[in-house]
Structures are given as structure tokens and as C-alpha cells.
Amino acid sequence: MSDMDMGMDNGGCALQEPFALQVLGPDMEPEFPDRCVVVIEPVNRAEDGMYVFVEVEGVRWLRQYKRDPQGQQWLVALDPNFPAIALDGLQWQVLGVVIQRNIRRKVKHYEYDQGNHDKDAAPELGGDPAPSPASPLITDLTGT
């Protein structure tokens, strides 16, 4: 069985293991300042309000996923000087969600209330017309 068949990359790490990335640029400030490190948990689904690592048309982004009451999906930068990305009609996929942020050894954890929202089900079939926000539950281990 090959490494890829076993869910392993060439470095011996499982492809579904959390991984770290360094934020480059001010577009997600103040929550994720330039040069901070984020830990991403690989998942392929996002809910409103989650901080996500996504690939859109071949470009990777760290953004907040938003879904408006009409069902329009967006990737939003926290710095309002950067435009939101409307996802409808684009080829995109969620690569993971932020579960931790590190700024000079100050660690903050993010947990998401993922509820049981079935976004693909129509409201008349028991699905939610507009899922409630999945607000991150934040734990600051530094006491700041």
C-alpha cells in the first residue's frame, strides 16, 4: 500500500493532521496579525462565522466564512480595506478551519459550535434556511 493510500504524505505525516501556517499580510488584523502562526484542522466544511483556510480558483486564502440570509456565501477579510470574495459561481473548497493562533508565544484556541445544520436540505425538508452563526469559542491560555 502506498503512502498516499494510507493517508500519509511523503514526510510521513497523516494528511488529516492539523498543520501550522504563518499569516502574511494585514488583511485578517486585528485577530490574526501579520506573521502570527495559525494551526489549521483539515476539514472540508464550513459554517457561518468560522475562520477558514480555503482554495478559490487555485488561490489559497485565510478568511472568515460568511453566509447571508439569502444563502450567498462570502470570504471576508477582517480588515475592511480588503474586499470580500463572493463564492457563488466560483470553484472553491475548504481546506481547514483555524483551531489555534500563536502570537509571540501567546496562544488562543478556537472551537466552533458546529450544530446539526444540513445546508443542502430545503427548509420544507427540515433544513435550516439560514444556519445560525458558528461563533468561535475562544480560550486564551495567556490570561491576556
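Rules and cut-offs
Residues numbered from 1 in each chain as written. Predicted model: local features only at pLDDT ≥ 70, side-chain atom pairs only at ≥ 80, totals over all residues. Heavy atoms only, no water. Core = buried A, V, L, I, M, F, W, Y, C linked by side-chain atoms within 4.5 Å. Buried < 20%, exposed > 50% of the residue type's maximum accessible area, 1.4 Å probe, protein only. Helix = DSSP H or I, 4+ residues; strand = E, 2+ residues; numbered from the N terminus. Contact = heavy atoms within 4.5 Å. pLDDT = per-residue confidence, 0-100. Pairing = 2+ DSSP bridges.

A. Broad picture of the nonpolar core. Core analysis: the biggest nonpolar cluster contains 25 residues, and Phe 32, Val 38, Tyr 51, Val 52, Leu 75, Val 98 and Tyr 112 have the highest contact counts within it. Of all elements in the fold, only strand 2 (37-41), strand 3 (51-56), strand 4 (59-67), strand 7 (92-103) and strand 8 (106-112) reach the threshold of two or more residues within this core. Beyond its immediate sequence surroundings of up to four residues, Val 38 is in contact with Phe 19, Ala 20, Leu 21, Val 23, Phe 32, Val 98, Gln 100 and Arg 101.

B. Quick peek at the confidence of the model for the chain. Per-residue confidence for the chain gives a mean pLDDT of 79, with 68% of residues at or over 70. Between the elements of the chain, mean pLDDT differs from a low of 51, seen in strand 9 (residues 136-140), to a high of 98, seen in strand 5 (residues 73-76). Note that residues 1-8 has pLDDT below 50 and, in this model, eleven contacts with residues that lie over four places away or in other chains. Contacts from residues 139-144, a stretch scored under 50 in pLDDT, to residues over four places away or in other chains number eleven contacts.

C. Local environment of the environment of Pro 83. Along the chain, Pro 83 turns up in the loop between strand 5 and strand 6 (85-86). Spatially, the C-alpha atom of Pro 83 lies 9.4 Å from that of Asp 27, the residues being 56 residues apart in sequence.

D. View of the pairing of strand 8. As defined by bridge partners, strand 7 adjoins strand 8 across four bridges and the pair is classed as antiparallel. Of the residues in strand 8, the one forming a bridge with Asn 102 is Val 107. The turn linking strand 7 back onto strand 8 is made up of two residues, and Arg 104 within it adopts a positive phi angle of 45°.

E. Quick peek at unusual backbone geometry. A cis amide bond, omega 10°, links Glu 29 with the succeeding residue Pro 30. Within the secondary structure, Pro 30 sits in the loop between strand 1 (19-22) and strand 2. One non-glycine residue, Arg 35, lies in the positive phi region at around 80°. Secondary-structure assignment places Arg 35 in the loop between strand 1 and strand 2.

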